[in-house]
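A structural walkthrough
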Amino acid sequence: MTSARPRSLTGIKPTGTPHIGNYLGAIRPALELAKTHDSFLFIADLHALTTQHDPKRLREETYAVACTWLALGLDTKEVVFYRQSDVPEVTMLAWVLACFTPMGLLLRGHSAYEELAGEAPAAPVDESLSEVAKKRAAIREVLEATGALSHGIVSYPVLMAADILLYDADVVPVGKDQKQHLEITQEIARKVNNAYGGEVLRVPKAAIREDVMTVPGLDGRKMSKSYDNTIELFLEPKPLRKRVMQITTDSTTLGAPLHHAGETVFELHKLFAAPERSAALLASYQSGRKDPASGDAPENLFGWGHGKQALYEVIEESLRAPRAEYQRLMNDRGHVDALLAEGAERARTVAQGVLARVMSATGLRI
Ligand code: AMP
């Protein structure tokens, strides 16, 4: 890790079992980014507490997410990897920031309400802008009425701003859905800087990945827990194969050319396979033959079952070693604790420096 590299910061919320959409859409790109950035990566357990009130599950999910990232290649020598709650300075900074956060900014925020949308009754599904606004208002009303809308949920973006600003992050890689939160962070940082003069807080840039891929699920829609169409990351071979075989396909018969662009089996295969392997599958799709050069014998005919088998094999090969490592780590919590404690110590060194700067600017300390 050299300080000349731009610093990036990523938070991971420990919620449920990760699926291959999380891996390809979030974990793999973050580990790629760590090669060129001074990376801070934390498990957002304080954020998880907004909705997870079962201590056993919160603990389990924190370990599960830590072990998932470690098993997939996170190198704790390169990346500062820590648990959010191990750096209490973040809550102190969050309070200072809260004193500069206009309420309107938080009430306009959307994720707070959508986060809990699952608990709200059926809302309008029309996606026109005014309908979305109405839907949000309806969700909010219900959440407020049931008491499910906590202060923590509404002020979530303030804690997120503290997560980022506490480490002088230069860039924060986020999906489009998180863009608004980052703008809130920038706005709060500017307000603090304006109030005290100078660069008390470093205003981070959003690294919005416009090309962000959407990994399709079993039914072709975005892979998501809420659609129940996921393939969990560390399934054993048998359940993994079963899941892959459940992918929805069209009714093209054996031996007829298959449509591949945007097709779930083909797209998922491409995300895991080396280019030559994906090209070979494409040739089979287009010819309807396992080996396009080997004629029309019945045993050479290619169909959906063969495509799915090819997908199963490439996922299984890619994830076999990480799965074993995940299981090993989940049974060695002492080791995981030690790694996280080490990460927290490195994170706190930076956090205490930034917090001291803020405390002194505000007049809370000399
Ligand atoms: P979630 O647990 O659903 O909030 O997902 C965590 C992160 O995983 C998201 O911020 C995305 O970056 C990524 N992700 C989740 N589902 C998908 C998907 N189907 N395709 C691509 N990325 C995804």
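Quick note: structure is the one above.
A brief look at the structure comes next. Because the structure is predicted, anything quoted here is derived from the model rather than measured. (Residues numbered from 1 in each chain as written. Predicted model: local features only at pLDDT ≥ 70, side-chain atom pairs only at ≥ 80, totals over all residues. Heavy atoms only, no water.)

**Things to note about the side chain of S39**
Selection rule: A run of H or I in DSSP counts as a helix once it spans at least four residues, and a run of E counts as a strand once it spans at least two, with each numbered from the N terminus. Residues adjacent in sequence count toward polar contacts only when both atoms are side-chain atoms; beyond that, a polar contact is any pair of N or O atoms within 3.5 Å, and within protein one must be able to donate a hydrogen and the other to accept it. A contact between two residues is defined here by any heavy atoms of the two lying within 4.5 Å.
Secondary-structure assignment places S39 in strand β2 (residues 38–43). Reaching out from S39, the side chain makes a polar contact with the side chain of S8 at a distance of 3.3 Å. Setting aside chain neighbours within four positions, we find S39 in contact with S8, L33, A34, E78, V79 and V80.

**A look at the nonpolar core**
For clarity, the threshold we go by: Residues belong to a common nonpolar core when they are buried Ala, Val, Leu, Ile, Met, Phe, Trp, Tyr or Cys residues joined through side-chain atoms within 4.5 Å. Categorising residues by exposure relies on relative accessible area from a 1.4 Å probe, with only protein chains included: less than 20% of the type maximum marks a residue as buried, more than 50% marks it as exposed, and the intermediate range marks it as partly exposed.
One finds I20, W69, F81, I231 and I315 to be the most contacted residues of the largest nonpolar core, which totals 54 residues. Within the residue set of this core, elements represented by two or more residues are α1 (20–33), β2, α3 (55–71), α11 (237–245), α12 (264–272), α13 (275–287), α14 (304–330) and α15 (333–362). At 10 residues, α14 tops the list of elements feeding residues into this core. For W69, the residues in contact, after removing those within four places along its chain, are I12, A26, I27, A30, L31, L41, L74 and F81.

**What to know about the pairing of strand β1 (residues 7–12)**
Spelled out, the test is: Crossovers are described as right-handed under a simple rule: with the strands pointing away from the observer, the path leading from the first strand over the helix to the second runs clockwise.
For β1, the tally of buried residues reaches five of six residues, placing the bulk of the element in the interior. As a crossover connection, the stretch from β1 through α1 into β2 is right-handed.

**Examining the pattern of salt bridges**
Our working definition: Any Lys or Arg side-chain nitrogen located within 4 Å of an Asp or Glu carboxyl oxygen qualifies as a salt bridge.
Following the criterion strictly, the structure yields 18 salt bridges and no others. One salt bridge connects R83 with D86, and the closest N-O pair in it is separated by 3.2 Å. The exposure class assigned to D86 is partly exposed, which follows from its relative accessible area of 26%. Its salt-bridge partner being E236, residue R323 comes within 4.0 Å of it at the nearest N-O pair. With R323 in helix α14 and E236 in the loop between β5 (205–208) and α11, the pair connects residues that are 87 residues apart, well separated along the chain. R323 sits in the buried class, given a relative accessible area of 7%. Here the salt bridges share partners, and the residues they tie into one network are E236, E316, R320 and R323.

**Thoughts on α15**
Put simply, the rule reads: Between the first and last residue of a helix there are one fewer steps than residues, each counted as 1.5 Å, and that sum is the expected span.
Taking 1.5 Å per residue as the helical rise, α15 with its 30 residues ought to reach 44 Å, and the 40 Å between its terminal C-alpha atoms agrees with that figure. Looking at α15, one finds that the buried residues are V336, L339, L340, G343, A344, A347, A351, V354, L355, V358 and M359. Check the buried side of α15 and you find it contacts β2, α3, β3 (80–83), α4 (89–98), α9 (156–165) and α14. With its phi angle positive at about 95°, G363 sits one or two positions after the end of α15.

**Things to note about the site of the ligand**
Keep this limit in mind: By convention in this text, a residue qualifies as near a molecule or strand provided that one of its non-hydrogen atoms is within 4 Å of it. The Shrake-Rupley method, run with a 1.4 Å probe, gives the accessible areas here. Residue values count only the displayed protein chains as cover. Amino acids outside the nonpolar list (Ala, Val, Leu, Ile, Met, Phe, Trp, Tyr, Cys, Pro) and the charged list (Asp, Glu, Lys, Arg) are all regarded as polar, and Gly is one of them.
In the vicinity of the ligand, the residues found are H19, G21, N22, G25, A26, M213, T214, V215, K222 and M223. For the ligand, a nitrogen atom lies 3.3 Å from a polar atom in the backbone of G21. Here a nitrogen atom of the ligand sits 2.9 Å away from a polar atom, N or O, in the main chain of M223. Notes on the ligand: free accessible area 480 Å², of which the protein chains cover 61%. Residues belonging to the shell around the ligand are distributed by class as follows: four nonpolar, five polar and one charged.

**Topic: the packing of α12 against α13**
Applied cut-off: Angular values range over 0 to 180 degrees, each being the angle between N-to-C directions of two axes fitted as lines to C-alpha atoms, with helices fitted over their stretch in contact. The scheme is simple: roughly parallel for angles under 35 degrees, roughly antiparallel for over 145, roughly perpendicular for 65 to 115, oblique for anything else. Crossing handedness follows the turn of the near helix against the far one: under a right angle anticlockwise gives a left-handed crossing, and clockwise gives a right-handed one.
Running from N to C, α12 and α13 cross one another at 160°; their axes reach a closest spacing of 9 Å. The orientation of α12 with respect to α13, classified from their angle, is roughly antiparallel. Pair α12 / α13 crosses with right-handed handedness. Here V265, F266, H269 and K270 of α12 lie close against α13, whose contacting residues are R277, S278, L281, L282 and Y285. Taken together, the residues of the contact of α12 with α13 sort by class into five nonpolar, two polar and two charged.

**Notes on the packing of α9 against helix α10 (residues 179–196)**
In contact at an axis separation of 9 Å, α9 and α10 are set at 70° when each is read in the N-to-C sense. Taken together, the axis directions place α9 and α10 in an arrangement best described as roughly perpendicular. Here the hand of the crossing between α9 and α10 comes out right-handed. Two secondary-structure elements touch here, α9 through Y156, P157, M160, A161, I164 and L165 and α10 through H181, L182, I184, T185, I188 and A189.

**A few points about the packing of aromatic side chains**
We count it as follows: Ring pairs shown here join Phe, Tyr and Trp side chains whose ring centres sit within 6.5 Å, with only the six-membered ring taken for Trp; geometry is labelled stacked below 30 degrees between planes, edge-to-face above 60, and tilted in between. Look at NZ for Lys and CZ for Arg. If either is within 6 Å of the ring centre and within 35 degrees of the ring normal, a charge sits over the ring.
What the rule picks out here adds up to 10 aromatic pairs. Between F40 and Y82, the aromatic rings sit 6.4 Å apart at their centres with planes inclined by 80°, giving edge-to-face as the arrangement. Placement of F40 in strand β2 and of Y82 in strand β3 is noted, with a sequence separation of 42 residues between them. Each member of the pair, F40 together with Y82, is buried. Ring geometry for Y285 against F302: centres 5.9 Å apart, planes inclined by 50°, an arrangement best described as tilted. Pair noted here: Y285 is in helix α13 and F302 is in the loop between α13 and α14, with a separation of 17 residues, a long-range link. By relative accessible area, Y285 is classed as buried at 0%. Taken together through their ring pairs, the aromatic side chains of F40, F42, Y82 and Y167 make up a single cluster. Directly above the aromatic system of Y227 lies the positively charged group of R221, at a separation of 4.0 Å from the ring centroid.

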